[in-house]
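The primary structure of each chain is shown beneath.
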Amino acid sequence: MKNRNLKGLIVSVWGLLVILVPTVIFPPCSHMLELVDGGTVPMKCFWSGRAEIGIGFLILCGGLLLFFAKSAETRKFISVSTLLTSLVGIAVPAFLIGGCAMETMTCRTTTFPALYVLHALLILFCVVSFFSAGEVGSGTTKASL
Amino acid sequence: MKQLSLTTYVIALNNLRRKKGRSLSLILLSALFSFMLFGGAILIKSLENGVTSLSNRLGADIMAVPYGYEADLQSALLRGEPSTFYFDSGVTDDVAGIEGVQRTSPQIYIATLRAGCCSYPIQLIGYDPETDFIIQPWLSSQVGDPLAEGDIYVGSSINAEPGQMLKFFGITFRVAARLDKTGMGFDTSVFMNLDTARKAARESERLQENPVAQDENLISSVMIKLANGYDVKEVANRILQAYALEGVHVVVAKNVISDVSGSLNGLTVYIVILAAVLGVLSVVVLGVVFSVTFSERRKEFSLYRVLGATKGKLAGLVMMESVLISLAGSLSGIAAAALVVFPFSTYIQSIVNLPYLQPSVGVILAAAGISFLISFLTGPLAALCTALKLGKFEIYTAIRENE
Amino acid sequence: MMLLEVDQLTKEYRRGENTFTAVDHVSLSVAAGEFISIIGRSGSGKSTFLNMLTGLLKPTSGSVFFDGISLENLPDDDLSRLRNARIGYVPQGVSALANFSVFDNVRLPFFLDKREGDISGRASFLLEEVGLQHLADMYPAQLSGGELRRVFIARALVNSPDILIADEPTSDLDVKSAAEVMQLFSRIHQTGTTVLIVTHELDALGFGNRVLKMDSGRLAECLSAEAPFG
């Protein structure tokens, strides 16, 4: 398999992992929050997990695009957009939506750390992928790494 | 075309790249070893810190609790597992009268079913600022005034800023301060004075029954500090003799700490053995692989000699390959360990179920440095034997063998 | 002074009780600029002889002088450097470094000793000379036997040696490739490099100004190049 195809595949698998973390591997706290009036709503971490499913899907698609993209410029663009998606993936549990206030809650002990690690590694990978995409305009990619 | 000079480094790197499978498995082995070293070191250090923190923060020598709740108190202290147990507040004075007891201070524990911030049970700890000698000394360094009514201190695991309002049982509390991490049950606890705690108990009646709501005179435990020169065992026995019939039991702090250090020692031995086994395995396997590939590569090595490489140059090539493998392996192992140990520290704590307090950045960096050094050295060490053999073998024979 | 001076060179191997003499008191003088072919059957001691000439094998007795330097007492490191700088050696069989491109295979000897500068220009020139410039980026596994042999010859020449020594350079080649390789040696000789090749084929006939014959470890000058076995 060509190096560049492999990179696309890795990103796709990563996207899949981002989807699997909040759904299968480390689901966030399942409790419903009880309101004063007796009604229940899911906690914040649940919504963070939901958002991550969408983010994971975007990353997965980025990986598929990377799998098929040939020109250096396109590959650089996909790397950048995937990197930014991953940043959002960190921002969502960190502050955009957030999670439980208690550090010992499942979302804070497993779900979020797992997502942070996944996104951090992916960001690193995107940086490498960006710089190893080859010369813009050459149309082909050099084997690297 | 790149006109890279074919230095020893470039030649070694090229040889490793062209044998991807072999190189990657060796790197993986080396990574596994450094992962174990660094991860293990952080784990042990954090647990040691946890025990130190526990013995520093547990200012009482003896804790009196209702009979049958000794274990509950321990899990509340160590892990912050909320528990609710009560006896009469008169115990405080009773115990104070025993010979050898210097100070006593009552505490009330209330377990929330759900707190406003999250649906997770929290331990509310009510203490008496007048007599307290456990929580205040440790707080005063961080917090100025004693707690006013309605004010609370929150443990470090609870995400609330000073001045923020928190709701438990429908009552709004003002967060006076957030405490430093202790690595023990205090991190998930909320502290308040006795009156505030009783108020909270009354309000909690709406959700669950609480004895404190009916009886103002209930407390959960009495913290006891001994006068100088008295033996903990003796005093504990005196308390039991006097009040066991009234349902008073004691937990000796020293025993709690030694229990914890006991489990810690067990875990430490386990980690050290595992690291040692991996270390030996890594040297042996790397050594064997280098040695086997040496035989496989006799012709290749001979060729370098035929083309005019000195013995030293050839030995340098072999050493360089091992250095590169070791370097890549050690670094990635430590990075991987960091990605597990730090983000998942709370998770690890919940698994080991012991006080767990991460060491300072300095200690972490030192641990990383030492782990790297040890792990890094295994590669060159394993290759040394092969490199020495290279100086001796006959080039001519080696060429012929492969014809 | 002779470039290569061999005096009473002997190599004996022990085979249990018996002693087998692979090279038997061989003497040879090679002047700079000569083209010498040594022919002989397999097992006649040709390779053993060459390995002693290049210092890869220690003789039982006798001596080899390279440009006045006795190989016998030369420390191993100096011997290595001599081999690297002054002797271009094409070993028997396939002697490619499989992990390196054709271009890097040719450049490699330059970097095996500490040297300043860049050899890429000369490597390209040599590959051009042997007609393989277009294969520079290929790896040895992608080349044919004849092409590989030409790569090894280019590699042997990269440090501009005084003498080019080749051990059976045509033995595993087809007729056409073998002829090309021999033509190449001829051209190299014409540029002033001393050439010494050893072969058991008759391809070498018609090339070189001296033809010697090796038989059971003994070396004899063939008076007539046309009838070596006559």
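Predicted, not measured: the structure shown is a model, and the values here were computed from it.

Provide a residue-level description of the overall build of chain C, including the pertinent values.
Each helix and strand in chain C was counted, giving six helices and ten strands. For 230 residues, the compact-globule estimate of 2.2 N^0.38 gives 17 Å, and the C-alpha radius of gyration of chain C, at 17 Å, lies within 12% of that figure. Its C-alpha atoms put chain C at 50 × 40 × 40 Å along the principal axes. When burial is assessed residue by residue, chain C has 55% of its 230 residues classed as buried.

How would you explain the overall build of chain B if you had to name every residue and give the values?
Along the backbone of chain B there are 14 helices and eleven strands. In terms of overall size, chain B is more extended than a compact globule, its C-alpha atoms giving a radius of gyration of 31 Å where 403 residues would be expected to give roughly 22 Å. Seen through its C-alpha atoms, chain B measures out along the principal axes to roughly 95 × 50 × 35 Å. Out of the 403 residues belonging to chain B, those deemed buried represent 53%.

Requested: an account of the sheet that holds strand S2 (residues 18-30) of chain C, with residues and values cited.
All names here are of chain C. Here four strands make up an open sheet; going across it, the order is S2-S1-S4-S5 and the pairing antiparallel. If you trace the sheet from one side to the other, it starts and ends with S2 and strand S5 (69-70), each paired once. Judged from the two bridges that link them, strand S4 (residues 61-66) and S5 form a sheet pairing that is antiparallel. Note that in S5 the partner of phenylalanine 65 across the bridge is serine 70. Seen against the sheet, helix H1 (residues 46-53) touches strand S1 (4-15), S2 and S4 and runs at an angle of roughly 125° to S1.

Which residues make up the environment of arginine 4 of chain A, and what values go with them?
Relative to the helices and strands, arginine 4 of chain A resides in helix H1 (residues 3-25). C-alpha of arginine 4 of chain A to C-alpha of serine 79 of chain A: the two residues are 75 residues apart in sequence and 12 Å apart in space.

Provide a residue-level description of the sheet that holds strand S11 (residues 248-252) of chain B, including the pertinent values.
Paired through their backbone hydrogen bonds, the strands of a sheet run either parallel or antiparallel. Residue and element names in this part refer to chain B. Taken together, the nine strands give an open sheet; going across it, the order is S6-S7-S5-S8-S4-S3-S10-S1-S11, and neighbouring strands pair in mixed fashion. Each end of this open sheet is capped by a strand with a single partner; those strands are strand S6 (165-168) and S11. Averaged over all pairs of adjacent strands, the angle between strand axes in this sheet comes to 35°, irrespective of strand direction. The pairing of S6 with strand S7 (residues 171-178) spans four bridges and is antiparallel. If you follow phenylalanine 168 over to S7, its bridge partner there is isoleucine 171. Seen against the sheet, helix H6 (residues 194-204) touches strand S3 (101-111), strand S4 (123-127), S7 and strand S8 (189-193) and runs at an angle of roughly 115° to S8.

Can you tell me about the pairing of strand S10 (residues 218-221) of chain C, naming the residues and giving the values?
Here strand S9 (residues 210-215) of chain C pairs with S10 of chain C via four bridges, running antiparallel. Within the sheet, the bridge partner assigned to lysine 213 of chain C lies in S10 of chain C and is alanine 220 of chain C.

Any details on the nonpolar core? Residues and values, ideally.
Ile62, Leu124, Ile152, Phe168, Val190, Ile224 and Ile239 of chain B are the most contacted members of the largest nonpolar core, which totals 68 residues. Top element by residues in this core is helix H4 (residues 106-131) of chain A. It accounts for nine residues. When neighbours within four sequence positions are excluded, leucine 124 of chain B is seen to be in contact with Ile108, Tyr109, Ile110, Thr112, Phe168, Phe169, Val190, Met192 and Ala200 of chain B. Counting 65 residues, the second largest nonpolar core, distinct from the first, contains Leu324 and Leu390 of chain B together with Phe103 and Ala123 of chain C.

Break down the domain arrangement of chain B for me, citing the residues and quoting the values.
Residues and elements named next belong to chain B. You can read the domains of chain B as domain 1 (8-53 + 260-401) and domain 2 (68-246). The distance between the C-alpha centroids of domain 1 and domain 2 comes to 49 Å. Every contact between the two is made by eight residues of domain 1 and, on the other side, seven residues of domain 2. Summing the contributions of domain 1 and of domain 2, the shared interface buries around 630 Å²; its carbon and sulfur component is 53%. The tally of links between domain 1 and domain 2 comes to zero salt bridges. Taken together, the connections running from domain 1 to domain 2 amount to three residue pairs in polar contact (both at pLDDT 80 or more). Broken down by class, the residue content of the side of domain 1 that touches domain 2 amounts to five nonpolar, three polar and no charged.

Account for the arrangement of the chains, naming residues and giving values.
Inter-chain contacts occur across two pairs of chains; the most extensive set of contacts lies between chains B and C. Nowhere do chain A and chain C come into contact; their C-alpha atoms are at least 13 Å apart.

Here is what the cut-offs are and how they apply
Residues numbered from 1 in each chain as written. Chains lettered and ligands numbered in written order. Predicted model: local features only at pLDDT ≥ 70, side-chain atom pairs only at ≥ 80, totals over all residues. Heavy atoms only, no water. Helix = DSSP H or I, 4+ residues; strand = E, 2+ residues; numbered from the N terminus. Rg over C-alpha atoms; globule rule 2.2 N^0.38 Å. Buried < 20%, exposed > 50% of the residue type's maximum accessible area, 1.4 Å probe, protein only. Pairing = 2+ DSSP bridges. Contact = heavy atoms within 4.5 Å. Axes fitted to C-alpha atoms, helices over the stretch in contact; angles between N-to-C directions. Core = buried A, V, L, I, M, F, W, Y, C linked by side-chain atoms within 4.5 Å. Domains from an automatic or database assignment. Buried area = accessible area lost by both parts, 1.4 Å probe. Salt bridge = Lys/Arg side-chain N within 4 Å of Asp/Glu carboxyl O. Polar contact = N/O pair within 3.5 Å; in protein donor to acceptor, adjacent residues only side chain to side chain. Nonpolar A, V, L, I, M, F, W, Y, C, P; charged D, E, K, R; others polar.

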